[in-house]
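Geometric and topological summary
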Amino acid sequence: MSQSESGKVVHCVKDHFQYAMFCLLVLMCFGDKLEEEKIKQVEDGQRRMLLSFNRFSMLNFWPSLTRILFYKRWDEFLQIRRDQEKVLIPLIRARKNARIENLSKDKDDKFGKEEFIVSYVDTLLDLQLPHENRKLEEGEIVSLCSEFLDGGTDTTSTALQWIFANLVKYPHIQEKLFMEIKDVVGEEQEVKDDHLHRMPYLKAVILEGLRRHPPGHFVLPHAVTQDTVLDGFVVPKNGTINFMVAEMGRDPNVWEDPMAFNPERFLNTEGGEAFDVTGSREIKMMPFGVGRRICPGYGLAMLHLEYFVANLVWNFKWMAADGDEVDLSEKQEFTVVMKNPLKAQISPRLKPQNF
Ligand code: HEM
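None of these values were measured; they are calculated from a predicted model.

Cut-offs used in this document
- Residues numbered from 1 in each chain as written.
- Predicted model: local features only at pLDDT ≥ 70, side-chain atom pairs only at ≥ 80, totals over all residues.
- Heavy atoms only, no water.
- Helix = DSSP H or I, 4+ residues; strand = E, 2+ residues; numbered from the N terminus.
- Buried < 20%, exposed > 50% of the residue type's maximum accessible area, 1.4 Å probe, protein only.
- Contact = heavy atoms within 4.5 Å.
- Near = heavy atom within 4 Å.
- Polar contact = N/O pair within 3.5 Å; in protein donor to acceptor, adjacent residues only side chain to side chain.
- Nonpolar A, V, L, I, M, F, W, Y, C, P; charged D, E, K, R; others polar.
- Salt bridge = Lys/Arg side-chain N within 4 Å of Asp/Glu carboxyl O.
- UniProt positions renumbered as here; feature names shortened; annotations may be inferred.
- Axes fitted to C-alpha atoms, helices over the stretch in contact; angles between N-to-C directions.
- Parallel < 35°, antiparallel > 145°, perpendicular 65-115°, else oblique.
- Core = buried A, V, L, I, M, F, W, Y, C linked by side-chain atoms within 4.5 Å.

In this section: the overall build of the chain. A count of helical and extended segments in the chain gives 12 helices and 12 strands. Counting only C-alpha atoms, the chain reaches 70 × 55 × 45 Å along its principal axes. In the chain, which comprises 355 residues, the share counted as buried stands at 39%. Put simply, 68% of the contacts in the chain that link residues at least 6 apart link residues at least 24 apart.

So this is what it looks like as structure tokens:
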């Protein structure tokens, strides 16, 4: 938080968005509301691993050789992994015990029994690997939880920040969105899941955010399964390929005035089928990838984006800081983020006594 020239409070929202997404994913992963201290420990382990991601990636290249040539880097990697396990394994075991306890409670005792919400770890504990006829080991569960937390935090919080940057830069879009929410939600303070399905403009704003500012400008590396000719070039079997996600969404042959932020382009005025972000009919953009390796979290990500954008616009008015132009320049971090993070004046829209 800081103050603008006129003394108004200005919020730099980047870290708040990131922390909110992380806490939500930790809750979904382990099923319990953890103490802030514990969440910080989980976050610290994830950050340390992510920050060294590029330095550690090369250890995959030829492990028997890199183990000798880069032994210090291996030691560092193994230490971070051990620290991560030290934090995550007790949470996984606690979940195992909680499930046993819940099962042993009298099934007919409806009043004594607390509602047990299935978490990501629960699904992993139940999983039976069909080809190997075994359950997952603890180390494998740690890796999958780690992937879940990393895959969903920076991607969604970055998308959220880009969308709000545009809502601040273009107040008429924010106002139109607010009016749509008002029509659907009426007097309620919270926009709920079932409201979201009746908000086509909200969906259009989010799709436009993902088209214009995809959090990843490339997908994960893929490999061709056989020698393949692409545009006259031969890619040999197992050769790595990737896709220029950002360029696709900004292609002037596909999109009219592609650099403009114009959610209307996603509004289905002729009553045809809604835009398909998974690319199963045609591929005009692919912020989540497409096909067999499409992001497994895309449905969840769309839900989180719709829920957060709708509630944050319904409850607060977002304005540019005095004399501050929202700058849409980009910078590559784990995702492609705002080079100058969004700063906004945020004021409550609805007075509590209205509810
Ligand atoms: C706006 C948010 C998100 C965006 C833009 C996004 C984008 C992507 C992309 C482009 C890929 C690579 C696809 C490919 O290689 O073809 C990917 C993979 C992945 N995503 Fe997401 N993602 C988002 C949110 C999430 C969430 C919420 C989760 C889970 C909680 C998640 C988990 C994963 C995982 C585990 C992979 C790796 C899948 C694999 O190895 O095949 N993502 N995501």
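The environment of the ligand is made up of 19 residues, and the closest members are Gly 151, Leu 220, His 222, Arg 293 and Cys 295. The separation between an oxygen atom of the ligand and a polar side-chain atom of His 222 is 2.8 Å. Arg 293 has a polar side-chain atom sitting 2.7 Å from an oxygen atom of the ligand. Listed by contribution, the elements that provide at least two residues to the shell around the ligand are helix 7 (138-169) and helix 12 (298-315). Per-element accounting of the shell around the ligand gives the leading share, six residues, to helix 7. A breakdown of the residues in the shell around the ligand according to their chemical character gives 10 nonpolar, seven polar and two charged.

The next thing to look at is the pattern of salt bridges. Under the counting rule described, the total for this entry stands at 18 salt bridges. Of the charged contacts in the structure, one is a salt bridge between Asp 83 and Arg 48, with a shortest N-O distance of 3.1 Å. Highlighted residues: Asp 83 in helix 5 (residues 71-104) and Arg 48 in helix 2 (residues 36-51), separated in sequence by 35 residues. Between Arg 99 and Asp 122 there is a salt bridge, with the nearest N and O atoms lying 3.8 Å from each other. Residue Arg 99 is located in helix 5, and its partner Asp 122 is located in helix 6 (residues 120-126); the two are separated by 23 residues in the primary sequence. Among the residues examined, Asp 122 registers a relative accessible area of 1% and is labelled buried. Each of Arg 95, Arg 99, Asp 122 and Asp 126 takes part in a single network of salt bridges with overlapping partners.

A few words on the UniProt feature "binding site: heme" (unreviewed entry) in the chain. If you check UniProt for "binding site: heme" (unreviewed entry), the listed places come out as Cys 295 in our numbering. One can find Cys 295 in the loop between helix 11 (245-249) and helix 12.

This next bit is on the environment of Asn 238. Along the chain, Asn 238 turns up in the loop between strand 7 (233-235) and strand 8 (240-241). If near-sequence neighbours (up to four positions away) are discounted, Asn 238 is found in contact with Ala 223 and Val 224.

Taken N-terminus to C-terminus, the directions of helix 2 and helix 7 make an angle of 80°; their axes are 11 Å apart at the nearest point. Taken together, helix 2 and helix 7 sit at an angle that is classed as roughly perpendicular. Counting all contacts with helix 2, which are made through Val 42, Gln 46, Arg 47 and Leu 50, the residues of helix 7 involved are Ser 146, Leu 149, Asp 150 and Asp 154. Class assignment for the residues of the contact of helix 2 with helix 7 results in three nonpolar, two polar and three charged.

With respect to the element layout, Arg 47 can be found in helix 2. Judged by relative accessible area, Arg 47 falls into the partly exposed class, the value being 26%. When the C-alpha positions of Arg 47 and Glu 180 are compared, they lie 38 Å apart, and in sequence the two are 133 residues distant. Once residues within four sequence positions are removed from consideration, Arg 47 is found in contact with Gln 18 and Asp 154.

Attention now moves to the nonpolar core. Ranked by internal contacts, the top residues of the largest apolar core, which has 49 residues, are Phe 164, Leu 167, Leu 177, Ile 181 and Val 309. Contributing elements (two or more residues each) for this core: helix 1 (14-30), helix 7, helix 8 (171-185), helix 10 (200-212) and helix 12. Counting residues per element, this core draws most heavily on helix 12, at nine residues. Not counting residues within four places of it along the chain, the set of residues in contact with Val 309 comprises Leu 160, Ile 163, Phe 164, Leu 167, Leu 177, Leu 202 and Ile 206. Counting 23 residues, the second largest nonpolar core, distinct from the first, contains Phe 30, Val 42, Leu 136 and Leu 149.

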